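Here is how the chains run, residue by residue.
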Amino acid sequence: DSLEKKTVDAPGGVGLTYFVGGQGRVPIVILNALGQGLHYWRPLVHELMRHHRVILWAPRGTDDSQSLFRLGDQVDDLEAILRNEDVRTCHLCAWCTGPKVAVEFYARRPESVTSMVFLMGAFKPFEGKSGLNTQYEQTLEPICQILARRPESAGSVISSLQASVTSNAPEGWEELEPEALGATVLGMMSRELKSHVLAPFQDGTTVVRYANQLIDFWSHAVEARASEVKVPVLFVGAEYDRIASPEMSRAVARRFADPDVAWDVGLV
């Protein structure tokens with residue numbers, strides 16, 4: 001209720017809904033994960049709005065008429081919103097697939113970005129680091145390729161996708177040694193989030209669009225532009241994240257590091 005709902009004419013003549021709240025000279029623009037809504041952001045936005053103006057929206061491409069919504073289209077939407085809000089400079093806070101949108105936007109308009117924060121970034125592909133991809137990412141890619149080639153198979157693979165996303169503890173997990181048990185519990189998905197996480201896998205049309213989006217995103221390597229980025233970037237990873245590898249975030253962070261500036265990567 002504390003956010004103002006707005007609409008802008010996005011490329012393609014489609015009305016794009018976004019939300020704005022708080023006060024501040026340089027806004028924080030939140031770049032959400034593909035296929036995901038805004039439920040996750042409520043606690044963080046509540047805190048950020050105390051001192052900052054915040055802008056956020058749900059990425060397009062899974063629930064509209066577009067059969068394929070590419071990375072460049074997501075950047076176009078970001079530009080349209082900033083133009084509508086008369087934003088000259090901003091901080092970018094990007095989750096999951098969002099960092100790729102942030103880096104592509106920076107490549108277009110480096111003067112408009114003050115800093116970037118990457119939350120549990122999905123950076124696949126990363127040359128020479130495929131071993132750092134999570135089991136989820138390894139499972140998801142072949143399924144997406146099947147969906148792209150045979151959209152009619154969507155109905156039969158939805159249940160597999162849902163299971164791969166929400167699978168938590170292995171059978172007999174209660175009997176694990178304490179350390180392994182702790183890691184298993186910390187890696188479990190919150191029950192209240194499952195319905196939100198499964199949003200892209202609700203029906204055949206949505207899942208095919210989502211699969212094509214991911215295939216397009218996987219064709220863009222974020223490290224290819226890393227050396228171009230000259231603003232502060234903070235990488236945040238979760239030790240027990242089963243979707244986005246914290247080890248991959250470490251590897252990508254090293255590519256972004258300025259060799260003339262002291263820095264470090266560690267767990268908090």
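Structural data are supplied above this passage.
Residues numbered from 1 in each chain as written. Predicted model: local features only at pLDDT ≥ 70, side-chain atom pairs only at ≥ 80, totals over all residues. Heavy atoms only, no water.

The sheet built from seven strands is open, its strands ordered S1-S2-S4-S3-S5-S6-S7 with mixed pairing. Because the sheet does not close on itself, it has two edges, and the strands there are strand S1 (4–10) and strand S7 (233–236). Neighbour-to-neighbour, the strand axes of this sheet turn through a mean angle of 20 degrees, independent of strand direction. Note: strand S5 (residues 90–95) against strand S6 (residues 113–119), six bridges, orientation parallel. (Pairing = 2+ DSSP bridges. Helix = DSSP H or I, 4+ residues; strand = E, 2+ residues; numbered from the N terminus. Axes fitted to C-alpha atoms, helices over the stretch in contact; angles between N-to-C directions.)

Along the chain, the position of Phe-217 falls in helix H8 (residues 204–218). With relative accessibility at 2%, the residue Phe-217 sits in the buried group. It is 7.9 Å that separates the C-alpha atoms of Phe-217 and Thr-97, two residues lying 120 residues apart in sequence. Ignoring sequence-local partners within four residues, the contact set of Phe-217 consists of Leu-34, Leu-71, Gln-74, Thr-97, Lys-100, Val-101 and Lys-124. (Buried < 20%, exposed > 50% of the residue type's maximum accessible area, 1.4 Å probe, protein only. Contact = heavy atoms within 4.5 Å.)

To continue, consider the nonpolar core. One finds Val-29, Leu-31, Trp-57, Leu-92, Phe-118, Leu-147 and Phe-256 to be the most contacted residues of the largest nonpolar core, which totals 57 residues. When residues of this core are assigned to their parent elements, the largest contribution, seven residues, is made by H8. When residues no more than four places from it in sequence are discounted, the contact partners of Leu-31 are Trp-41, Trp-57, Leu-78, Leu-92, Cys-93, Ala-94, Trp-95, Gly-98, Val-101 and Ala-102. Residues Tyr-40, Trp-41, Val-45 and Cys-96 belong to the second largest nonpolar core, which totals 17 residues. (Core = buried A, V, L, I, M, F, W, Y, C linked by side-chain atoms within 4.5 Å.)

Our next topic: the side chain of Ser-112. If you trace the backbone, Ser-112 turns up in the loop between helix H3 (98–108) and S6. Of the polar contacts made by the side chain of Ser-112, one reaches the backbone oxygen of Arg-88; its length is 3.4 Å. With residues up to four places along the chain from it excluded, the contact list for Ser-112 reads Arg-88, Thr-89, Cys-90 and Phe-105. (Polar contact = N/O pair within 3.5 Å; in protein donor to acceptor, adjacent residues only side chain to side chain.)

What follows is about the pattern of salt bridges. This model, assessed by the stated rule, comprises twelve salt bridges. Glu-47 is the partner of Arg-50 in a salt bridge, and the nearest nitrogen-oxygen pair spans 3.5 Å. You can call Glu-47 partly exposed: its relative accessible area is 40%. If you follow the salt bridges from partner to partner, you end up with Lys-6, Arg-53 and Glu-85 in one network. (Salt bridge = Lys/Arg side-chain N within 4 Å of Asp/Glu carboxyl O.)

Turning to the environment of Val-185, a few remarks are in order. Examined against the element boundaries, Val-185 turns out to sit in helix H6 (residues 178–186). Owing to a relative accessible area of 41%, Val-185 belongs among the partly exposed residues under this scheme. Distance from Val-185 to Tyr-240, taken between C-alpha atoms, is 9.3 Å for residues 55 residues apart in sequence.

As a further point, take helix H4 (residues 135–149). Here H4 spans 22 Å end to end across 15 residues, near enough to the 21 Å set by a 1.5 Å rise per residue. Where H4 is concerned, the buried positions are Tyr-136, Glu-137, Leu-140, Ile-143, Cys-144 and Leu-147. (Expected span 1.5 Å × (residues − 1).)

So, on to the packing of H4 against H8. With their axes 9 Å apart at the nearest point, H4 and H8 run at an angle of 115 degrees to one another. Here H4 and H8 pass one another in a crossing that is left-handed. On the side of H4, the interface is formed by Tyr-136, Leu-140, Glu-141, Cys-144, Gln-145, Leu-147 and Ala-148, while H8 contributes Val-207, Val-208, Tyr-210, Ala-211, Asn-212, Leu-214, Ile-215 and Trp-218. Looking at the contact of H4 with H8, its residues break down into twelve nonpolar, two polar and one charged. (Left-handed = near helix turned anticlockwise from the far one by under 90°. Nonpolar A, V, L, I, M, F, W, Y, C, P; charged D, E, K, R; others polar.)

For H3, the tally of buried residues reaches nine of eleven residues, placing the bulk of the element in the interior. Taken as a whole, H3 has its buried residues at Gly-98, Pro-99, Lys-100, Val-101, Ala-102, Val-103, Glu-104, Phe-105 and Tyr-106.

The side chains of a regular strand alternate between the sheet's two faces. Residue alternation in strand S3 (residues 28–31) divides its side chains into two sets, Ile-28 and Ile-30 and Val-29 and Leu-31, and both sets are buried. Pairing of S3 with strand S4 (residues 54–56) involves three bridges; the strand directions are parallel. Residue pairing in the sheet places Ile-28 in a bridge with Val-54 of S4.

Moving on, we come to the side chain of Arg-60. Within the secondary structure, Arg-60 is located in the loop between S4 and helix H2 (71–84). Polar contacts involving the side chain of Arg-60 include one to the side chain of Asp-77, which spans 2.8 Å. Leaving out residues up to four positions away in the same chain, Arg-60 has contacts with Ala-10, Pro-11, Val-14, Leu-16, Phe-69, Gln-74, Asp-77 and Gln-213.

Purely geometric stuff here, so don't read any function into it on its own.
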